[in-house]
Each structure stands twice: as structure tokens, then as C-alpha cells.
Amino acid sequence: MNAFAAAEKNGRAAALQKELEDLFTSQNKSSSKDTTSIPAAYLRVTVQV
Amino acid sequence: MNAPANPNKALWEKGDFTRIAATMRESGEALVGQLGIEKGMKVLDLGCGDGTTALPAAKLGADVLGVDIAQNLVDAGNRRAQEMGLTNCRFQQGDATDLRDLPDHSFDLVVSIFGAMFAPRPNEVAKEMVRVTRPGGRIVMGNWIPGDPTLVAQILKISSAYTPPPPEGFVSPMAWGMENQVIERFTAAGVAPEKISFSKETFTSIAPAHLPRWWMISEPTTARR
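The shown structure was predicted, so the numbers you read here are calculated from the model rather than taken from an experiment.

Participant: Please set out the nonpolar core residue by residue, giving values where relevant.
Facilitator: Among soluble globular proteins, nonpolar side chains are generally buried collectively. Membership of the largest hydrophobic core comes to 72 residues, with the highest contact counts inside it found for V43, V110 and M129 of chain B. V43 of chain B has contacts with I37, A57, A62, D63, V64, F107, D108, L109 and V111 of chain B, leaving out every residue within four places of it along the chain.

What follows is the structure in C-alpha cells.
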């Protein structure tokens with residue numbers, strides 16, 4: 001089940017939305033108000049076969 | 001006996017992942033530029049979505065096959081390849097845990113950027129990736145990191161607080177972001193540990209300022225842990 005569907009069932013959809021919107025705002029590194037730029041770290045795996 | 005159906009098919013087809021993928025083009029192209037892709041190289045992009053990394057690889061001259069569980073993303077990838085005039089890139093529906101249509105040792109490079117990590121049965125995924133890669137070839141995966149303070153791990157952390165506990169035996173896709181788990185899976189597939197290397201990299205999503213709302217609506221991974 002999608003998190004939003006689960007949150008709606010419990011009447012918590014607005015709380016989930018707020019948490020995610022706050023997250024996006026805090027992670028946005030763009031200096032322009034018209035653009036969102038959000039970096040995310042990942043693990044690059046290289047396998048020599 | 002047929003392999004069990006991949007439960008991710010319906011999930012990925014439900015959202016419109018192409019809108020999220022559109023924010024990843026720049027980083028996708030930059031990543032592909034670092035992979036030493038040459039003209040004529042045979043490349044498999046597993047969990048390719050609508051071609052964020054497959055199409056840049058084809059633009060470098062590789063002969064690219066993109067495989068994804070979601071038919072809507074396969075269709076979108078083929079449309080994008082056609083629009084770009086790329087005849088050396090095609091997309092087909094398939095399951096990363098069971099690539100039976102693809103012969104052994106048929107690719108120089110197998111790429112999976114935030115793709116195969118979401119497939120169930122990770123040991124089967126590792127086995128299949130190794131099987132279809134030619135000896136001397138490479139596999140490159142990009143996997144989100146559990147507990148990382150940046151965006152994707154935090155989305156998953158927040159979402160998990162709103163969803164029911166996963167079923168018993170559930171293996172989190174985020175385990176692909178843990179070096180010890182990756183080593184365990186590939187060594188079980190016959191790769192020597194010294195042939196596996198890691199680096200921590202950054203992928204940046206760039207979009208108009210309204211990104212947050214439609215990301216939340218479209219992002220199928222909000223259902224995952």
C-alpha cells in the first residue's frame with residue numbers, strides 16, 4: 001500500500017504531506033525560487049565479471 | 001514451474017514515474033559519461049524506466065537494451081528513443097529476477113541505476129546480472145543508501161511511519177545500499193569479493209519549484225522501506 005493511501009485511511013494524509021513538504025524545502029539547494037534542486041547520495045557499485 | 005509474479009509491476013505502472021525521471025536527466029547523462037561507454041558496446045539497462053541512462057548510453061554509440069517491469073515506462077522509453085532518432089536503443093518489458101529471454105554473457109556492461117534494487121529476491125537479481133554479463137565485462141549499480149540524511153532515504157523513512165509493517169520475510173530494497181549486503185549477494189552469484197568496488201556519489205533532481213507535490217503523488221517508492 002502506498003504511504004498516502006495508508007495515511008488517508010488513518011486520517012493522517014495532511015500530516016504526511018506536511019512532513020514531506022518540509023523535507024523538500026529543507027533539502028532544496030536551489031538559489032532560484034522558480035527551481036527545485038535536490039541532491040541525494042547513492043552507493044555506486046562496480047562489479048568486474 | 002514459473003517464477004512467482006513480480007509484485008512491483010502494478011506498483012510501478014500505477015504512478016507516473018516519467019515526471020520524476022524528467023528531473024533526473026542531467027545527473028543520468030553525467031553518470032553515463034563516467035562509465036567508459038564506447039561505440040558498439042552492448043549495454044543492458046536493467047530497471048531502465050523511460051531511459052534516463054539508457055538513452056545517453058545510446059547517444060554515445062552503444063547498442064542498448066532497456067528492460068523494465070512496467071510496460072508504461074517501456075512504452076515511454078521507446079517513444080523517447082524514436083523522438084531522438086536513436087535506432088540503437090530499444091526497450092522491452094522484463095523482470096530483473098528472471099531474464100530468461102537474454103542469453104548468457106551477452107552484454108559488455110549491465111547498468112542498473114535505482115532500478116534492480118527495487119526488485120524482489122535480490123540474490124536472483126545478482127545472479128541474473130552476472131549471468132548476462134560477458135567475462136571481462138562490468139556491472140554498475142546505483143543504489144540509495146539506508147539512513148542517509150539526503151532526500152530519498154528520508155522520504156522512505158517518513159513514509160514508513162505511515163504504512164503498515166511489511167510482511168514477515170520482507171527484504172528492504174535499501175539493503176542494496178549496504179556494502180556488506182552487496183558483497184554477499186554478488187559473491188553468492190560467483191563473483192570474487194575483490195572484484196566488487198564502491199563509491200558514494202550524488203544524484204541531483206532538478207525541476208520547477210512545484211516538484212514536491214507531484215513527486216509525492218507520483219513516487220511509487222513511498223510504499224517501500
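Participant: Can you break down unusual backbone geometry residue by residue, with the values?
Facilitator: Residues and elements named next belong to chain B. The phi torsion at H105 lies on the positive side, around 55°, for a residue other than glycine. Mapping H105 onto the fold places it in the loop between β3 (89–93) and β4 (107–113). Phi at R121 takes a positive value of approximately 55°, unusual for a residue other than glycine. One can find R121 in the loop between β4 and α6 (122–132). Here R121 falls in the partly exposed class, since 17 other C-beta atoms lie within 10 Å of it.

Participant: Let's hear about the interface of chain A and chain B: which residues, and what values?
Facilitator: Contact residues are listed per partner, giving 32 residues for chain A and 47 residues for chain B. Listed by contribution, the elements that provide at least two residues to the side of chain A that touches chain B are α1 (3–9), α2 (13–27) and β1 (35–48) of chain A. Top contributing element to the side of chain A that touches chain B by residue count: β1 of chain A, with 14 residues. Of the residues assigned to the side of chain A that touches chain B, the class counts are 18 nonpolar, eight polar and six charged. The sheet contact formed by β1 of chain A and strand β5 (residues 133–144) of chain B spans seven bridges and is antiparallel. Its bridge partner being in β5 of chain B, L43 of chain A is matched across the sheet by N143 of chain B.

Participant: Before we move on, could you go through helix α8 (residues 179–188) of chain B and cite the residues and values that matter?
Facilitator: Within α8 of chain B, the full set of buried residues consists of V182, R185 and F186 of chain B. Around the axis of α8 of chain B, the buried residues are gathered within 90° of arc, so they sit on the same side. On its buried side, α8 of chain B packs onto β1 of chain A together with α6 and β6 (196–208) of chain B. Downstream of α8 of chain B by a residue or two, G190 of chain B has a phi angle that is positive, lying close to 100°.

Participant: Any chance you could break down the packing of α6 of chain B against α8 of chain B for me, citing the residues and the numbers?
Facilitator: All names here are of chain B. Contact geometry of α6 with α8 gives a least axis separation of 8 Å together with a crossing angle of 55°. By the criterion of interaxial angle, the relationship of α6 to α8 is oblique. α8 is crossed by α6, and the crossing has right-handed handedness. Contact with α6, carried on its side by P122, N123, A126 and V130, involves R185, F186 and A188 of α8 and no other residues of that element. By residue class, the composition of the contact of α6 with α8 is five nonpolar, one polar and one charged.

Participant: Any details on the packing of α2 of chain A against helix α7 (residues 151–160) of chain B? Residues and values, ideally.
Facilitator: Relative orientation of the contacting elements α2 of chain A and α7 of chain B amounts to 165°, with a least axis distance of 10 Å. One element, α2 of chain A, and the other, α7 of chain B, form an angle in the roughly antiparallel class. For the pair α2 of chain A and α7 of chain B, the sense of crossing is right-handed. Contact with α2 of chain A, carried on its side by E19, L20, L23 and Q27 of chain A, involves L151, Q154, I155 and I158 of chain B of α7 of chain B and no other residues of that element.

Participant: Describe the pairing of β1 of chain A, and please don't skip the residues or the numbers.
Facilitator: Consecutive side chains along a regular strand alternate between the two faces of the sheet. Judged from the 13 bridges that link them, β1 of chain A and β6 of chain B form a sheet pairing that is antiparallel. Each residue of the ladder has a partner; that of R44 of chain A, found in β6 of chain B, is S199 of chain B.

Participant: So what about the confidence of the model for chain A? Which residues, and what values?
Facilitator: Confidence in the prediction of chain A, expressed as mean pLDDT, is 86, and 98% of residues score 70 or more. Per-residue pLDDT, averaged within each element of chain A, yields its smallest value for α1 of chain A (80) and its largest for β1 of chain A (92).

Basis of the calculations
- Residues numbered from 1 in each chain as written.
- Chains lettered and ligands numbered in written order.
- Predicted model: local features only at pLDDT ≥ 70, side-chain atom pairs only at ≥ 80, totals over all residues.
- Core = buried A, V, L, I, M, F, W, Y, C linked by C-beta atoms within 7 Å.
- Buried ≥ 20, exposed ≤ 12 C-beta atoms within 10 Å, placed from the backbone.
- Contact = placed C-beta atoms within 7 Å.
- Helix = DSSP H or I, 4+ residues; strand = E, 2+ residues; numbered from the N terminus.
- Nonpolar A, V, L, I, M, F, W, Y, C, P; charged D, E, K, R; others polar.
- Pairing = 2+ DSSP bridges.
- Arc of directions from axis to C-beta.
- Axes fitted to C-alpha atoms, helices over the stretch in contact; angles between N-to-C directions.
- Parallel < 35°, antiparallel > 145°, perpendicular 65-115°, else oblique.
- Left-handed = near helix turned anticlockwise from the far one by under 90°.
- pLDDT = per-residue confidence, 0-100.

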